[in-house]
Amino acid sequence: QVQLVESGGGLVQAGDSMRLSCSVSGRTFSMTDMGWFRQAPGKEREFVAAVDWRGAETRYGDSVKGRFTISRDNAKNTVFLQMDSLKPEDTAVYYCAARPRSWPLTTDKYIYWGQGTQVIVSS
């Protein structure tokens, strides 16, 4: 059983920064690709960012490129999402996701999901 637990969400103002963390247990973390997704009320789930199992390759959604950074610490079984220059439209529930390592680093095939953490960006 793989468990993913997100933390770090909350309420911030536009222009602020926030870092989300996702702790993973139950599977060899270094064998998994990790991703972040988000879902705003009334909208479909949206891909935010992904990092491969080595931490060498990353991929971002168009709406967050240049503002968000994904990284991982395999020694701590944790993946991070650094969010800078936050905008009100970044308001959503953010989900951490994992999949067995695969190439290429795509935005799909994630099979393990966390419960989500709420991020609210006020204007």
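This text follows the structure it describes.
Residues numbered from 1 in each chain as written. Predicted model: local features only at pLDDT ≥ 70, side-chain atom pairs only at ≥ 80, totals over all residues. Heavy atoms only, no water.

**Q** I would appreciate a short explanation of the environment of Val 121 in the present structure.
**A** Mapped onto the secondary structure, Val 121 falls in strand β11 (residues 117-122). Counting along the chain gives 106 residues from Val 121 to Gly 15, while the straight-line C-alpha distance between them is 8.8 Å. Ignoring anything within four residues of it in the chain, the contact list for Val 121 reads Val 12, Gln 13, Ala 14, Leu 86, Lys 87, Pro 88, Asp 90 and Thr 91. (Helix = DSSP H or I, 4+ residues; strand = E, 2+ residues; numbered from the N terminus. Contact = heavy atoms within 4.5 Å.)

**Q** Sorry if this is basic, but what is going on with the state of the cysteines here?
**A** As used in these notes, a disulfide is a covalent bond between sulfur atoms, one from each of two cysteines. Under the counting rule described, the total for this entry stands at one disulfide. Here Cys 22 pairs with Cys 96 through a disulfide, and the sulfurs are 2.1 Å apart. Taking the sign of the S-S torsion, -85° for the link of Cys 22 and Cys 96, the bridge is left-handed. On the criterion of sequence distance, the pair formed by Cys 22 in strand β3 (residues 18-25) and Cys 96 in strand β9 (residues 92-100) is long-range, its members being 74 residues apart. (Disulfide = S-S within 2.5 Å.)

**Q** Is there a simple way to think about the pattern of salt bridges in this case?
**A** Oppositely charged side chains can form a pair if their charged atoms are brought close together. Inspection of every chain in the model, using the stated rule, returns six salt bridges. For Arg 38, the salt bridge goes to Glu 46, with nearest N and O atoms at 2.8 Å. A salt bridge links Asp 62 to Lys 65; the shortest N-O distance between them is 3.2 Å. Residues Asp 62 and Lys 65 agree in their burial class; the two are exposed. Each of Arg 38, Glu 46, Arg 67 and Asp 90 takes part in salt bridges that share partners, so that together they form one network. (Salt bridge = Lys/Arg side-chain N within 4 Å of Asp/Glu carboxyl O. Buried < 20%, exposed > 50% of the residue type's maximum accessible area, 1.4 Å probe, protein only.)

**Q** What is the right way to read the side chain of Thr 78 from this model?
**A** The residue Thr 78 is located in strand β8 (residues 78-83) in this model. At a separation of 2.8 Å, a polar atom in the side chain of Thr 78 contacts the main-chain carbonyl oxygen of Lys 76. Apart from residues no more than four positions distant in its own chain, Thr 78 is found in contact with Ser 21, Cys 22, Ser 23, Phe 29, Arg 72 and Asp 73. (Polar contact = N/O pair within 3.5 Å; in protein donor to acceptor, adjacent residues only side chain to side chain.)

**Q** It is not clear to me how the packing of aromatic side chains should be interpreted in this structure. Could you clarify?
**A** Geometry of an aromatic ring pair is reported as the spacing of the ring centres plus the angle between the planes. As enumerated under the stated definition, the model contains three aromatic pairs in all. Where Phe 37 meets Phe 47, the ring centres are 5.5 Å apart and the plane angle is 70°; that geometry is what we call edge-to-face. Within this pair, whereas Phe 37 is found in strand β4 (residues 32-39), its partner Phe 47 is found in strand β5 (residues 46-51), the two being separated by ten residues in sequence. Side by side, Phe 37 and Phe 47 carry an identical accessibility label, which is buried. Ring plane angle 70° and centroid distance 5.4 Å describe the contact between Phe 37 and Tyr 110, whose orientation is recorded as edge-to-face. Of this pair, Phe 37 sits in strand β4 while Tyr 110 is found in the loop between β9 and β10 (112-113), placing the two residues 73 residues apart along the sequence. A single burial state applies to Phe 37 and to Tyr 110, both of which are buried. An aromatic cluster is built from Phe 37, Phe 47, Tyr 110 and Trp 113, whose rings are joined through pairwise contacts. (Phe/Tyr/Trp six-rings, centres within 6.5 Å; stacked < 30°, edge-to-face > 60°.)

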